[in-house]
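Now for the letters of each chain:
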Amino acid sequence: MDKIVFITGGTKGIGNAIAQCLAQSGYHLILTYASDTKRALEVQAELVKKYGISVRILQADNSDMKSIDKIARFLDDEDIQLEAVVMNAGLTCRDAFEKMQFADWDRVFTANVHFPVFLLQRIINRIHKGGCVVFTGSLMAIEPHSVSLAYGVTKSAVHGLVKNLVKFLVPYEVRVNGVAPGFVDTEWQKNKPAEIRHNIEKKVSLGRFCKPEEVADVYKMLIENKYFNGEIVVVDGGYSYK
């Protein structure tokens with residue numbers, strides 16, 4: 001039986017690294033993306049050519065709750081059963097506390113908390129017994145920063161979701177875990193000024209940013225290790241050790 005993993009936000013950043021890692025191990029993939037169709041098609045073609053797996057892409061914006069219907073219909077129409085779901089897509093808002101608007105705050109909560117909860121509600125019966133859900137949390141839920149209040153609070157909620165969903169997913173025999181990445185060297189981080197990057201590296205015991213493939217390996221472990229349940233695995237290289 002083919003093992004299929006569904007990844008939200010699977011064409012960029014950490015999501016793309018997870019897709020590459022799982023494809024290398026023979027998993028077939030369904031990847032959502034928000035708007036960049038050209039990039040999504042390129043990722044799809046690369047994965048198929050490189051690993052010989054099946055890759056389907058689906059435009060679905062996590063900030064739009066209507067996308068839940070689109071995803072659920074797609075899985076129903078194709079009668080797809082999933083080995084795992086990776087709730088990875090998310091948003092941030094970097095406005096100053098004094099200037100933050102409710103609409104922006106609400107949009108971050110929709111994308112990071114409301115959308116994955118109600119998506120899971122709709123597709124839980126599409127996950128095999130013994131399968132799992134993996135959420136992308138954040139180091140910012142553990143070590144708060146003064147960059148995005150909305151992001152930090154929503155990722156704290158994601159960590160709480162993982163702990164609470166354990167009880168609710170018992171009847172479905174589905175595990176749930178989360179990964180809390182620190183500073184991962186994705187496109188976003190690479191564009192930071194050298195001085196800011198250096199200041200971050202000084203706070204990390206290992207003295208560097210995490211490679212995308214290093215954090216992706218943790219998602220694969222949580223999918224494959226059947227005894228992980230209700231855990232938030234922090235991948236931060238020893239952040240704030242000094």
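Our subject is the structure that appears above.
Below or above, wherever it landed, is the structure these notes cover. Bear in mind that the values here come from a model prediction, so they are computed numbers and not experimental data. (Residues numbered from 1 in each chain as written. Predicted model: local features only at pLDDT ≥ 70, side-chain atom pairs only at ≥ 80, totals over all residues. Heavy atoms only, no water.)

So, the environment of Ser25
Okay, so step 1: Note on placement: Ser25 falls in the loop between helix H1 (13-24) and strand E2 (28-33).
Okay, so step 2: Here Ser25 falls in the partly exposed class, since its relative accessible area comes to 40%. (Helix = DSSP H or I, 4+ residues; strand = E, 2+ residues; numbered from the N terminus. Buried < 20%, exposed > 50% of the residue type's maximum accessible area, 1.4 Å probe, protein only.)

Here's the deal with the packing of helix H3 (residues 67-77) against helix H4 (residues 102-123)
Okay, so step 1: Their axes nearest at 10 Å, the elements H3 and H4 cross at an angle of 30°. The orientation of H3 with respect to H4, classified from their angle, is roughly parallel. As for how H3 packs across H4, the hand of that crossing is right-handed. Touching Ser67, Ile68, Asp69, Ile71, Ala72 and Leu75 of H3 are Phe115, Phe118, Leu119, Arg122 and Ile123, all from H4.
Okay, so step 2: The residue inventory of the contact of H3 with H4, partitioned by class, reads eight nonpolar, one polar and two charged. (Axes fitted to C-alpha atoms, helices over the stretch in contact; angles between N-to-C directions. Parallel < 35°, antiparallel > 145°, perpendicular 65-115°, else oblique. Left-handed = near helix turned anticlockwise from the far one by under 90°. Contact = heavy atoms within 4.5 Å. Nonpolar A, V, L, I, M, F, W, Y, C, P; charged D, E, K, R; others polar.)

Brief notes about H3
Okay, so step 1: Among the residues making up H3, those that are buried are Ser67, Ile68, Ile71, Ala72, Phe74 and Leu75. What you see down the axis of H3 is that its buried residues fit within an arc of 160°, all on one side.
Okay, so step 2: Looking at the buried side of H3, the elements it contacts are strand E1 (4-7), E2, strand E3 (55-59), strand E4 (82-87) and H4.
Okay, so step 3: One or two positions beyond H3, positive phi appears at Asp79, with a value near 50°. (Arc of directions from axis to C-beta.)

With respect to empty space enclosed by the protein
Okay, so step 1: In the structure shown here, the tally under the stated rule is one cavity of 30 Å³ or more.
Okay, so step 2: Considered as a void within the structure, the largest cavity measures approximately 40 Å³ in volume.
Okay, so step 3: Surrounding the largest cavity, Met87, Ala89, Ala111, Asn112, Pro116, Phe135, Thr136, Lys155 and Val158 form its lining.
Okay, so step 4: For the lining of the largest cavity, the secondary structure elements donating two or more residues are H4, strand E5 (127-136) and helix H5 (149-169).
Okay, so step 5: Here the lining of the largest cavity gets three residues from one element, more than from any other, and that element is H4.
Okay, so step 6: Looking at side-chain class alone, the lining of the largest cavity contains six nonpolar, two polar and one charged residues. (1 Å grid on protein atoms, 1.4 Å probe; cavity = no way out; pocket = protein on both sides within 12 Å on 5 of 7 lines; lining within 4 Å. Points joined across faces, edges and corners; volume = space filled by probe spheres on them.)

As for the packing of aromatic side chains
Okay, so step 1: Enumeration over the complete set of coordinates arrives at three aromatic pairs.
Okay, so step 2: With a centroid separation of 5.0 Å and an interplanar angle of 40°, the aromatic rings of Trp105 and Phe109 are classed as tilted. Here Trp105 pairs with Phe109, and both are found in helix H4, just four residues apart, close to one helical turn.
Okay, so step 3: Accessibility expressed as a relative area gives 23% for Trp105, which makes it partly exposed.
Okay, so step 4: Each ring, one from Phe183 and one from Phe209, has its centre 6.0 Å from the other, and the planes form 70°; the classification is edge-to-face. Of this pair, Phe183 sits in the loop between strand E6 (175-181) and helix H6 (187-190) while Phe209 is found in the loop between helix H7 (194-202) and helix H8 (212-224), placing the two residues 26 residues apart along the sequence. Each member of the pair, Phe183 together with Phe209, is buried.
Okay, so step 5: Cluster of aromatic residues (ring-pair linked, three or more members): Phe183, Phe209 and Tyr239. (Phe/Tyr/Trp six-rings, centres within 6.5 Å; stacked < 30°, edge-to-face > 60°.)

Points about the layout of surface pockets
Okay, so step 1: Taken as a whole, the largest pocket holds about 1,300 Å³ of empty space.
Okay, so step 2: Of all elements in the fold, only H1, E2, H5 and H6 reach the threshold of two or more residues within the lining of the largest pocket.
Okay, so step 3: The residue makeup of the lining of the largest pocket, split by class, is 16 nonpolar, 18 polar and nine charged.

Description of the sheet that holds E1
Okay, so step 1: A sheet is described by the order of its strands in space; here seven strands give the open sequence E3-E2-E1-E4-E5-E6-E7, paired in parallel fashion. Both outer strands of the open sheet, E3 and strand E7 (232-235), are each paired with one neighbouring strand and no more. On average, adjacent strands in this sheet sit at an angle of 15° to one another, irrespective of strand direction.
Okay, so step 2: Of the strand pairs in this sheet, E2 and E3 are connected by five bridges, and their pairing is parallel. Counterpart to Tyr33 in the pairing with E3 is Gln59.
Okay, so step 3: Against the sheet, H3 makes contact with E1, E2, E3 and E4, and its axis sits at roughly 150° relative to E3, the strand it touches most. (Pairing = 2+ DSSP bridges.)

Any link to function would need more than the numbers given here.
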